[in-house]
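Notes for the structure review
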Amino acid sequence: MINNKKVKFLRIVNSIFTIAAMVVYIIMPILSLTPLTTYAADTGFNSPSAQAADIGGDNNGFEVAPANAFSDDTNYASNMNGDDDAHRFYDYNFTLPSDATVKGIEVRLDWWLDSIQNDNNMYVQLSWNGGASWTSLKTNNVESTSDTNNKILGNATDTWGRTWSVSDFTNTNFRVRVISNSSNPQRDFYLDWVGVKVYYKEFVPNPQLSQSCGLDIALVIDSSGSISPTELNQMKAAFTGFV
């Protein structure tokens with residue numbers, strides 16, 4: 001016949017292991033949390049601080065006051081007889097966390113025309129290596145003669161067909177190329193601002209956890225006398241070792 005005291009002892013020991021397993025199940029995910037992540041962080045719209053005409057059309061880009069496209073104000077750059085003219089804007093002075101993952105890029109163009117007759121649009125390309133390579137063209141064909149016209153190309157999840165690293169956005173590497181396009185070679189283009197916003201995900205480490213997890217655990221044992229002093233001492237030792 002099985003000793004009832006031993007059965008009780010085994011049941012209690014089994015309960016101890018069950019409680020231990022539950023504690024481990026609760027505590028381990030807390031101790032092994034992965035770094036917190038902040039989604040939808042962005043740089044805001046940064047402005048360029050350098051520019052240069054590029055090859056295309058008559059090779060002079062926005063030849064009148066091109067630096068006026070550095071900021072969102074009432075001053076603007078002009079591209080006269082602008083079909084196929086191209087212009088680079090750069091030195092955006094981005095500050096991105098070193099471990100950031102780029103999720104999307106927006107380019108804002110504040111531009112308009114002297115006339116919306118014929119077919120007219122603006123192309124935009126991005127470079128990550130100082131202009132040696134470029135993304136595919138994005139097109140904005142919403143024509144306007146109003147100096148309040150502004151359009152955004154790209155979005156928070158649009159990476160323009162490639163995977164970007166933080167180093168791609170240094171002043172040495174990052175470039176924006178704006179290309180005027182019209183079926184009328186005498187069309188005039190005006191450009192007030194070429195702003196760029198970068199969306200990214202940043203990894204933020206968790207704070208250090210203290211040695212105590214903050215959980216209070218009470219273990220209750222039967223001391224009614226149904227367990228012998230020897231067995232009770234064994235259980236106490238087991239509890240002490242667990243705690």
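What follows is about the overall build of the protein chain. The helix and strand tally for the protein chain stands at two helices and ten strands. Counted from the first residue to the last, the protein chain has its helices and strands arranged as α-β-β-β-β-β-β-β-β-β-β-α. Each of the 243 residues in the protein chain was classed as buried or not, and the buried ones make up 39%. Nonlocal contacts in the protein chain, meaning residues at least 24 apart in sequence, comprise 79% of its contacts between residues at least 6 apart.

Our focus in this paragraph is the packing of aromatic side chains. The tally for this structure, following the rule as stated, stands at 13 aromatic pairs. Taken together through their ring pairs, the aromatic side chains of Tyr92, Phe94, Trp128, Trp164, Phe169 and Phe174 make up a single cluster. The aromatic ring of Tyr90 is capped on one face by Arg175, whose charged end is 4.0 Å from the ring centroid. Across the ring face of Trp134, the terminal group of Arg177 is positioned such that the distance to the ring centre comes to 4.1 Å.

With that settled, the discussion passes to the sheet that holds strand 6 (residues 120-127). Here we have five strands laid out as an open sheet, ordered 2-4-9-6-7, and antiparallel in their pairing. Looking at strand neighbours, the two that pair on one side only are strand 2 (50-54) and strand 7 (138-140), the edges of this open sheet. Neighbouring strand axes in the sheet, compared pairwise and without regard to direction, differ in orientation by 25° on average. With five bridges joining them, strand 2 and strand 4 (residues 86-90) adopt antiparallel strand pairing. By the bridge assignment for strand 4, Gln51 is matched with Phe89.

Side chains carrying opposite charge are able to pair once their charged atoms draw close together. Counted according to the given criterion, the structure contains seven salt bridges. As a salt-bridge pair, Asp168 and Arg162 come within 3.1 Å of each other at their nearest N and O atoms. Because the salt bridges share partners, they merge into one network encompassing Asp54, Arg88 and Arg177.

Conventions we followed
- Residues numbered from 1 in each chain as written.
- Predicted model: local features only at pLDDT ≥ 70, side-chain atom pairs only at ≥ 80, totals over all residues.
- Heavy atoms only, no water.
- Helix = DSSP H or I, 4+ residues; strand = E, 2+ residues; numbered from the N terminus.
- Buried < 20%, exposed > 50% of the residue type's maximum accessible area, 1.4 Å probe, protein only.
- Contact = heavy atoms within 4.5 Å.
- Phe/Tyr/Trp six-rings, centres within 6.5 Å; stacked < 30°, edge-to-face > 60°.
- Lys NZ or Arg CZ within 6 Å of the ring centre and 35° of its normal.
- Pairing = 2+ DSSP bridges.
- Axes fitted to C-alpha atoms, helices over the stretch in contact; angles between N-to-C directions.
- Salt bridge = Lys/Arg side-chain N within 4 Å of Asp/Glu carboxyl O.

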